[in-house]
Amino acid sequence: MEDLVRYVWKHRLFPLAPLQTTDGQTVEVIHPGIENRNDGPDFFNAKVNIDGTLWVGNVEIHGKASDWMLHGHNTNKRYDSVVLHVAAVVDSNILRTDGTPIPQLALPVPEHIISNYEELRKTDHYPPCYRVIPELSNLTIHSYLSSLLYERLDLRAEQITARYEAHDKNWDDALFSTLARNFGFGTNGDAFDEWARRMPFRAVDKHADNLLQVEALFFGQAGLLEDESVPSYYQEALKKDEYFQSLKREYAFLAHKFDLRPMDYTLWRLLGMRPANFPHVRLAQLAMLYHERRISVSRLMNAPDRTALTELLRVGTSEYWDTHYVFSSTPSAPMKKRVSDNAVTLLLINSVAPFYYSYGRRKDSEQHCEQAIALLEQLKAENNYIIRGWQDCGLLVKSAADSQALIQLKKQYCDRRDCLRCRIGYEFLKREYGVKG
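Sequence order as written defines residue numbering, which begins from 1 separately in each chain. Local features are withheld for residues below a pLDDT of 70 in this predicted model, meaning they are given only at 70 or higher, and side-chain atom pairs are given and counted only at 80 or more; totals for whole chains, interfaces and linings count all residues. Working from all heavy atoms in the structure, the side-chain values ignore hydrogens and water.

## Some details on the overall build of the chain
Secondary structure summary: the chain contains 18 helices and seven strands in total. As defined in this context, the radius of gyration uses C-alpha atoms, and a globule is described by 2.2 Å times the residue total to the power 0.38. For the chain, the C-alpha radius of gyration of 29 Å lies well beyond 22 Å, the compact-globule estimate for 437 residues. When the backbone C-alpha atoms are referred to their principal axes, the chain occupies close to 90 × 45 × 45 Å. Burial here depends on accessible area, computed with a 1.4 Å probe over protein chains only, as a share of the maximum for the residue type. Under 20% is buried, over 50% is exposed, and the range in between is partly exposed. Per-residue burial over the chain gives 52% buried out of 437 residues. Here a residue-residue contact requires only that any non-hydrogen atoms of the pair lie within 4.5 Å. Within the chain, residue pairs in contact and separated by at least 24 positions form 62% of the contacts whose partners lie at least 6 positions apart. Here the Shrake-Rupley method, with its probe set to 1.4 Å, supplies the accessible areas, and only the displayed protein chains count as covering residues. For the chain, the exposed surface amounts to about 21,300 Å²; the carbon and sulfur share of it is 49%. Only four residue types enter the tally: Lys and Arg on the positive side, Asp and Glu on the negative side, with His and both chain ends excluded. For the purpose of locating charges, the reference atoms are NZ of Lys, CZ of Arg, CG of Asp and CD of Glu. Taken together, the 53 basic and 57 acidic charged side chains of the chain have centroids lying 4 Å from each other. Runs of E in the DSSP output that reach at least two residues are strands. Runs of H or I that reach at least four are helices, and both are numbered from the N terminus.

## Examining the packing of aromatic side chains
Aromatic rings from Phe, Tyr and Trp, with only the six-membered ring used for Trp, were paired whenever their centres fell within 6.5 Å, and each pair was classed as stacked if the ring planes differed by under 30 degrees, edge-to-face if by over 60, and tilted otherwise. Here the structure, examined in full by the defined rule, presents 29 aromatic pairs. With a centroid separation of 6.0 Å and an interplanar angle of 80 degrees, the aromatic rings of tyrosine 126 and tryptophan 390 are classed as edge-to-face. Within this pair, whereas tyrosine 126 is found in the loop between α3 (111-122) and α4 (138-166), its partner tryptophan 390 is found in helix α16 (residues 385-392), the two being separated by 264 residues in sequence. Judged by its relative accessible area of 21%, tyrosine 126 falls in the partly exposed class. When the ring of phenylalanine 201 is compared with that of tyrosine 290, the centres are 6.3 Å apart and the planes differ by 15 degrees; the resulting orientation is stacked. Of this pair, phenylalanine 201 sits in helix α7 (residues 201-206) while tyrosine 290 is found in helix α11 (residues 279-291), placing the two residues 89 residues apart along the sequence.

## Focus on the pairing of strand β5 (residues 53-64)
Moving residue by residue along a regular strand, the side chains alternate between the two faces of the sheet. Paired strands, in this sense, are two strands between which DSSP finds at least two bridges. Bridge count for strand β4 (residues 43-50) against β5 is six bridges, and the pairing is antiparallel. Directly across from phenylalanine 43, in β5, lies its bridge partner valine 59. What sits between β4 and β5 in their antiparallel hairpin is a turn of two residues, with aspartate 51 showing a positive phi close to 55 degrees. In terms of strand pairing, β5 meets strand β6 (residues 82-89) through six bridges, oriented parallel. Directly across from glutamate 60, in β6, lies its bridge partner histidine 85.

## Examining the side chain of histidine 112
Inspection of the secondary structure assignment puts histidine 112 in helix α3. N or O atoms within 3.5 Å of each other form a polar contact, as long as, within protein, one can give a hydrogen and the other can take it, and as long as residues adjacent in sequence are counted only when both atoms are side-chain atoms. Here lysine 430 takes part through its backbone oxygen, which lies 3.3 Å from a polar atom of the side chain of histidine 112. Each residue touching histidine 112, except ones within four places of it in the same chain, is listed here: Leu429, Lys430, Arg431 and Glu432.

## Considering the state of the cysteines
When the sulfur atoms of two cysteines come within 2.5 Å, that pair is taken as a disulfide. This model, assessed by the stated rule, comprises zero disulfides. Of all cysteine sulfurs in the structure, the one in cysteine 129 sits closest to cysteine 393, which takes part in no disulfide; the separation is 7.0 Å. Residue cysteine 393 is classed as buried on the basis of its relative accessible area of 11%. Of all cysteine sulfurs, the one in cysteine 422 lies closest to cysteine 419, which takes part in no disulfide; the gap is 6.7 Å. We classify cysteine 419 as buried; its relative accessible area is 10%.

## Comments concerning the side chain of glutamate 60
Its place among the elements puts glutamate 60 in strand β5. A pair is scored as a salt bridge if a Lys or Arg side-chain nitrogen falls within 4 Å of a carboxyl oxygen belonging to Asp or Glu. An unpaired buried charge is present at glutamate 60: no salt bridge exists, and arginine 6, the closest side chain of opposite charge, is 6.5 Å distant. A distance of 3.1 Å separates a polar side-chain atom of glutamate 60 from the backbone nitrogen of aspartate 42. A polar atom in the side chain of glutamate 60 sits 3.4 Å from the side chain of histidine 62. Residue contacts for glutamate 60: discarding those within four places in its chain leaves Gly40, Pro41, Asp42, Trp68, His73, Tyr79, Val82, Leu84, His85 and Val86.

## Brief notes about the pairing of β4
In terms of strand pairing, strand β2 (residues 26-31) meets β4 through four bridges, oriented antiparallel. The partner of valine 29 across the bridge, within β4, is valine 48. For strand β3 (residues 34-35) and β4, the ladder comprises two bridges, and the chain directions are antiparallel. Within β4, the position partnered with glutamate 35 by the bridge is phenylalanine 43.

## Examining the confidence of the model for the chain
Mean pLDDT over the chain: 94, with 99% of residues reaching 70 or higher. Mean pLDDT across the elements of the chain bottoms out in helix α9 (residues 232-238) (86) and peaks in helix α8 (residues 211-221) (98). The quantity called pLDDT is the predictor's confidence in a given residue, expressed from 0 to 100.

## A few points about the environment of glutamate 382
Its place among the elements puts glutamate 382 in the loop between α15 (366-378) and α16. Along the chain, glutamate 382 and arginine 269 lie 113 residues apart, while their C-alpha atoms are 23 Å from each other. When near neighbours in sequence (up to four residues on either side) are disregarded, glutamate 382 contacts Leu346, Ile349, Asn350, Ile387, Ala400, Ser403, Gln404 and Ile407. One polar contact links glutamate 382 to serine 403, side chain to side chain, over a distance of 2.3 Å. Within the structure, the side chain of glutamate 382 is placed 2.8 Å from the side chain of glutamine 404, a separation counted as a polar contact.

## Things to note about helix α10 (residues 242-258)
With 17 residues, α10 ought to run about 24 Å at 1.5 Å a step, and its terminal C-alpha atoms sit 24 Å apart, in line with that. Every buried residue of α10 is accounted for by Tyr243, Phe244, Ser246, Leu247, Tyr251, Leu254 and Ala255. Each buried residue of α10 sits inside an arc of 160 degrees when the element is viewed along its axis, so together they form one side. Opposite the buried face of α10, at more than 90 degrees from it, the exposed residues are Glu242 and His256. Working rule for helices: expected span equals 1.5 Å times residues minus one. To be clear, the arc concerns the directions from the helix axis to the C-beta atoms.

## Brief notes about the nonpolar core
Here, the term nonpolar core denotes a set of buried Ala, Val, Leu, Ile, Met, Phe, Trp, Tyr and Cys residues that are joined through side-chain atoms within 4.5 Å. Ranked by size, the top nonpolar core spans 132 residues in total, and within it Trp9, Trp195, Phe218, Phe327 and Trp390 carry the most contacts. For this core, the element with the highest residue contribution is helix α14 (residues 341-363), accounting for eleven residues. For phenylalanine 218, the contacting residues outside a window of four places in its chain are Phe176, Trp195, Met199, Val204, Leu283, Leu286, Ala287 and Tyr290.

## A short note on the environment of glutamine 285
Along the chain, glutamine 285 turns up in helix α11. Judged by relative accessible area, glutamine 285 falls into the buried class, the value being 1%. Along the sequence, glutamine 285 and glutamate 215 sit 70 residues apart, while their C-alpha atoms lie 9.5 Å from each other. When near neighbours in sequence (up to four residues on either side) are disregarded, glutamine 285 contacts Phe183, Val315, Gly316, Thr317, Lys337, Arg338 and Val339.

And the structure:
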């Protein structure tokens, strides 16, 4: 209940009757104050007119007034600055540490807000606020999606900056590690993260002109050249596979030279995946990407348009992988394993645009931040259950900028049932729908 009282106060969703303190003084809320999510009073620098006197100070919110003592505020000088105490139920008087009383306002939460909030928290339908979507203006939706997009880019920028710091402040390594993470396409993202953390990039640099050695380093560090990583029924036959044996010999030499240790191969996931997404194929593509020096910060920043970026990422593999998806003695039907157009789009959305934004923030370059937004606005929206859920209730999703914003909304608000911080949740809560019968 306290959260709802705080919400009603913050958004001034007051009852139509005049507000009064418990001792009959009139209350006019000029400004509810700045919400505080840390220790201390709930709202700083509120402006309230109490019986003709303007007070500027802090406001504390509780479900019941007696919570003031329960939380020890009566002995905490930090709360002496409170000029008004607001509670759904005023069941006791409250005092500052010096014994002076604090004016109290009983602020019941309107029934329709309680009902709507319960519906949002309990419904299994996604999105839970679907009923309000058709009623919202384009301006309301557009402004909120824009805010959510920046939230998501800020979150991604923090992750990329962490990679930048972890790789000795090398932007090229941070870029490659970011791409590697997203070459996992969800299922193997964590495994690719672990792989990238173990990758000795300066060692790879020394051998980048030799594709076999790059592949040996990539597959070896992934643990996929260990005998146990290959199904037992293939192990004997692979002893005659010259490509596999060449990789093993190269990795053994390079591992000794650079003192390398492979990651745990059991971190990789294949079950339920399309063969084109198997980690072996994705690692072969990354090896070619590195060998051909397609991806670097300079090439990324100087790419003139989306078409040029697409060509940088539309990479293939060495010949062995034209007839294989894993190390196997049984070749598959011939097929070039180039990164698909859809996969390139996802890499642009999840790697390139966030990298532009992160680089721009770090370098204080508005141009690169705007470049990230512009790229997302040019790319088509993702097609997944999250986006389809919003489209089904009437929301128009025009581009990847919109879909990224909605993914942020789902993961940071809907999944946490944090409707009280959501603007769409606000629009839902304030409407007098009542509970569905």
